[in-house]
Amino acid sequence: MMLESSSKNSDRIIVRDRQGREYRLQVNGDGESHLIAKLLYRNSEVGMLQCVLYPPDKLMIGDIIIRDDVIHAPPHLGAALLRLLVKLKPIDRRMGLGTHLLQFAIKKARQWGIKRIYGSLTQEDINNNPNLVKWYEKHGFAILPPSAENIENAVCGISLNLE
């Protein structure tokens, strides 16, 4: 199943992971200086996107984080009792939540007239998620050698032209 989104209004965006669980996307940002989006599962933060806008035409991805220490708790008491007997699994990073956050950033950037999205990857980022470079490439990002626009300890830069 693909990741799905629905929006009844601009304040309530619901995201479904590959298993059909619903998450709420809470968006903060003024469209002039920053964009922060949090993914909430039953009011627990499971993911976050942090971006900085460099007007007039650039968006820098500061971080996309999917927490893997949050447990999917059962929705009712009977299931909660069952959870005492069965060990629950933490959120799996392969549920498409990071992809949704990245696609949301790309969508917002296009709405705001941004021409380029870029960011930095550190060795720690890659150690924490060995598929990260391929993931960005899969979403159309070019992988570049570090440059002056990247953070000091970057091992590579990422860049997506939206023109």
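Given the structure is predicted, the values throughout are model-derived calculations rather than measurements. (Residues numbered from 1 in each chain as written. Predicted model: local features only at pLDDT ≥ 70, side-chain atom pairs only at ≥ 80, totals over all residues. Heavy atoms only, no water.)

(A) Highlighting the overall build of the protein chain. When helices and strands are tallied, the protein chain shows four helices and nine strands. Going residue by residue from the N terminus, the α and β elements of the protein chain occur as β-β-β-β-β-β-α-α-β-α-α-β-β. The buried share among the 163 residues of the protein chain stands at 38%. Put simply, of all contacts in the protein chain between residues at least 6 apart along the chain, 48% involve residues at least 24 apart. For the protein chain, the accessible area works out to roughly 9800 Å², and carbon and sulfur atoms hold 50% of it. (Helix = DSSP H or I, 4+ residues; strand = E, 2+ residues; numbered from the N terminus. Buried < 20%, exposed > 50% of the residue type's maximum accessible area, 1.4 Å probe, protein only. Contact = heavy atoms within 4.5 Å. Areas by Shrake-Rupley, 256 points an atom, 1.4 Å probe, with all protein chains shown as cover.)

(B) Structural view of the packing of aromatic side chains. Here the structure, examined in full by the defined rule, presents three aromatic pairs. The interplanar angle of 70° and the centroid separation of 4.9 Å between the aromatic rings of Trp135 and Tyr136 together place this pair among those described as edge-to-face. Assessed through its relative accessible area of 18%, Trp135 is described here as buried. Between Tyr136 and Phe141, the aromatic rings sit 5.2 Å apart at their centres with planes inclined by 75°, giving edge-to-face as the arrangement. (Phe/Tyr/Trp six-rings, centres within 6.5 Å; stacked < 30°, edge-to-face > 60°.)

(C) Representation of the pairing of strand 2 (residues 12-16) within the structure. Relative to strand 3 (residues 22-29), strand 2 runs antiparallel, the two sharing four bridges. Note on strand 3: the bridge partner recorded for Ile13 is Leu25. In this structure, the hairpin formed by strand 2 and strand 3 is closed by a connection of five residues, where Gly20 is found at a positive phi of approximately 90°. (Pairing = 2+ DSSP bridges.)

(D) Examining the pattern of salt bridges more closely. Summed over all chains, the structure comprises four salt bridges. With its nearest N and O atoms 2.9 Å apart, the salt bridge here joins Arg16 to Glu22. Taking the relative accessible area as the measure of exposure, Arg16 reaches 23% and is therefore partly exposed. Between Lys38 and Glu45 there is a salt bridge; the shortest N-O distance is 3.9 Å. (Salt bridge = Lys/Arg side-chain N within 4 Å of Asp/Glu carboxyl O.)

(E) Geometry of the side chain of Ser120. The topology assignment puts Ser120 in strand 7 (residues 116-122). Within the structure, the side chain of Ser120 is placed 3.0 Å from the side chain of Asn150, a separation counted as a polar contact. Side-chain polar atoms of Ser120 contact the backbone nitrogen of Ile151, separated by 3.1 Å. Ser120 has contacts with Asp125, Asn150, Ile151, Ala154, Cys156 and Ile158, leaving out every residue within four places of it along the chain. (Polar contact = N/O pair within 3.5 Å; in protein donor to acceptor, adjacent residues only side chain to side chain.)

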